[in-house]
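# Understanding the architecture of this molecule
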Amino acid sequence: MHRDSPLQSRLTQHLQALKQQATATLNRIIPQGLPCALLDFPHYSNVGDSAIWLGEMDYCRSTGKRLRYVASMTSYAEPVLRRAMPHGVVLLQGGGNFGSLWKAHQDHRLEVLHRLRDYKVVQLPQSLFFGDDTACFAQAAQAIQQHPDFTLVVRDQASLELGNQLGARTVLCPDSAVFLAGRLQPQAPQFDCFALTRTDKESTGRDWPQPPTDLTTAHGDWLDEPDHWIAPWLKRLQQRAHGRFGHLYAFQQALLAAFNTVANARLQRGVEQLSQGRVVVTDRLHAHLLSTLLHIPNVVLDNHYGKIHGYMESWDDGINRTCHNVEEVWSHAIAILQSKAPGKSGTYK
């Protein structure tokens, strides 16, 4: 890796600037000295959400935020939260599930807003999407407007406009994965290109063309994962989180350690997948973000509602390539491979 090359230096500086901007933005919103709860741990295989969680962990550690309660949707219990943290700030996990697409997460968010009106609640950086679901929009607007101290942090301009339409105090901020800047290291690539493509409800459903025969490629998504050794232990902890010891600091620290162990394993799996290619092509936001954090050049198609290009328009400095037509994705990748940008390691040169 040529760390002192102009493009490497430019990318490193850009990522550090985003990290500093995100830190400053959240510091203005989350009062220093108050205990915090962090809800909606992403206990599912999507690597991107684990990257967000771990970025939030890095932010909390670096700024001295005291986490007194953590929970997934499975382990969450309002009475336990109140015993663990009688007063403080409730933080909601960031990501891309605010709105009509991912109903379980949205319902959980609305429950928190309805039930915890005596706490300051901060929604960490999210993308918003409601489509034509006016009922879901109205429910969110009502919950937000009835809460006396809610701040909605969003990560793109379209979500900023939607947040304002909801009547929320809305603030623009980079995605929390930027807090991982400087922490990740790529592995040696095995192929010219690795294509990480969506297979969930945010996919456009388009068929990706076959790569040119002279291009070595691999492809996949990151939703499949092997069993983890800590899974049975985490399952028991989540079951006991509703019990009489769930509020204790020692129990919460054990639960947090288990959450972080699982999230780190998922993040490492994603790093290993992305590192396979000298160039990454993807239609997942966090495949783009993690590739960038790994200094791997990437070509980015959008998801079905414009989330990824919208984020890049807000925060990208133009190093990576957006692609609007799936038929052009391989030509973009080849152009990068033929340029002087990637070295043999696959990182920017």
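See above for the structure.
What you see as residue numbers is a count from 1 along each chain, following the sequence as written. Reporting of local features is limited, given that this is a predicted model, to residues whose pLDDT is at least 70; pairs of side-chain atoms are given and counted only at 80 or more, and all residues count toward the totals for whole chains, interfaces and linings. As a convention, hydrogens and water are excluded, and side-chain values are obtained from all of the structure's heavy atoms.

This part takes up unusual backbone geometry. A positive phi angle, close to 75 degrees, is found at Asp40, a residue other than glycine. Locating Asp40 in the fold gives a position in the loop between strand S1 (35-39) and helix H2 (47-63). One non-glycine residue, His295, adopts positive backbone phi at about 65 degrees. For every residue, the accessible area (1.4 Å probe, protein chains only) is compared with the maximum for its type, and the residue is labelled buried under 20%, exposed over 50%, or partly exposed between those bounds. Judged by its relative accessible area of 9%, His295 falls in the buried class. For helices the rule is a DSSP run of H or I covering at least 4 residues; for strands it is a run of E covering at least 2, with both sets numbered from the N terminus onward.

Turning our eyes to something else, we now look at the packing of aromatic side chains. Working definition: a ring pair exists when centres of Phe, Tyr or Trp rings (six-membered ring for Trp) sit within 6.5 Å. Plane angles under 30 degrees give stacked, over 60 give edge-to-face, the rest tilted. What the rule picks out here adds up to 7 aromatic pairs. When the centroid spacing of 4.9 Å and the interplanar angle of 80 degrees are considered together, the rings of Phe41 and Trp53 count as edge-to-face. With a gap of 12 residues between them, Phe41 in the loop between S1 and H2 and Trp53 in helix H2 connect regions that are remote in the sequence. We note that Phe41, like Trp53, is buried. With 5.3 Å between their ring centres and 40 degrees between their planes, Tyr59 and Phe179 make a pair best called tilted. Here the residue Tyr59 occupies a position in helix H2, and Phe179 occupies one in the loop between strand S7 (169-172) and strand S8 (191-196), the gap between them amounting to 120 residues. Comparing Tyr59 with Phe179 shows no difference in burial state: the two are buried.

For the rest of this paragraph, the subject is the sheet that holds S8. Strand order in the open sheet formed by 5 strands is S9-S8-S10-S11-S12, and the pairing between neighbours is parallel. In this open sheet, the two edge strands, each paired with only one partner strand, are strand S9 (217-220) and strand S12 (321-322). Note: two strands are recorded as paired if DSSP finds a minimum of 2 bridges between them. Strand direction decides the pairing type here: strand S10 (residues 277-282) and strand S11 (residues 298-300), joined by 3 bridges, are parallel. Residue pairing across strands places Val281 opposite Val299, the latter belonging to S11.

Below, the discussion takes up the pairing of S1. Most of S1 sits out of view: 5 of its 5 residues are buried. Burial along S1 is two-sided: the residues Pro35, Ala37 and Leu39 and Cys36 and Leu38 are all buried. Of the strand pairs in this sheet, S1 and strand S2 (residues 66-71) are connected by 5 bridges, and their pairing is parallel. Note on S2: the bridge partner recorded for Leu38 is Val70. Looking down the strands as they point away from the viewer, one classifies a crossover as right-handed if the path from the first strand across the helix to the second runs clockwise. In this fold, the crossover linking S1 to S2 by way of H2 has right-handed handedness. The sheet contact formed by S1 and strand S3 (residues 89-92) spans 4 bridges and is parallel. Within S3, the position partnered with Cys36 by the bridge is Val89.

With axes taken as lines fitted to C-alpha atoms, and helix axes fitted only over the stretch in contact, angles between N-to-C directions fall between 0 and 180 degrees. For the pair helix H5 (residues 134-146) and helix H6 (residues 157-166), interaxial distance at closest approach is 9 Å and the crossing angle is 65 degrees. Between H5 and H6, the crossing angle belongs to the class labelled roughly perpendicular. Mapping the contact onto sequence places Phe137, Ala140, Ala141, Ile144 and Gln145 in H5 and Leu162, Gln165 and Leu166 in H6. Under the convention adopted here, Pro, Cys and the residues Ala, Val, Leu, Ile, Met, Phe, Trp and Tyr are nonpolar, Asp, Glu, Lys and Arg are charged, and Gly plus all remaining residues are polar. The residue makeup of the contact of H5 with H6, split by class, is 6 nonpolar, 2 polar and no charged. These descriptions rest on fixed angle ranges, namely under 35 degrees for roughly parallel, over 145 for roughly antiparallel, 65 to 115 for roughly perpendicular, and the rest for oblique. Residues are treated as being in contact if the distance between any of their heavy atoms lies within 4.5 Å.

Within the fold, Val121 resides in strand S5 (residues 120-129). What makes Val121 buried here is its relative accessible area of 0%. Those residues in contact with Val121 that sit more than four places away from it in its chain are Val90, Leu92, Leu113, Leu116, His147, Asp149, Phe150 and Thr151.

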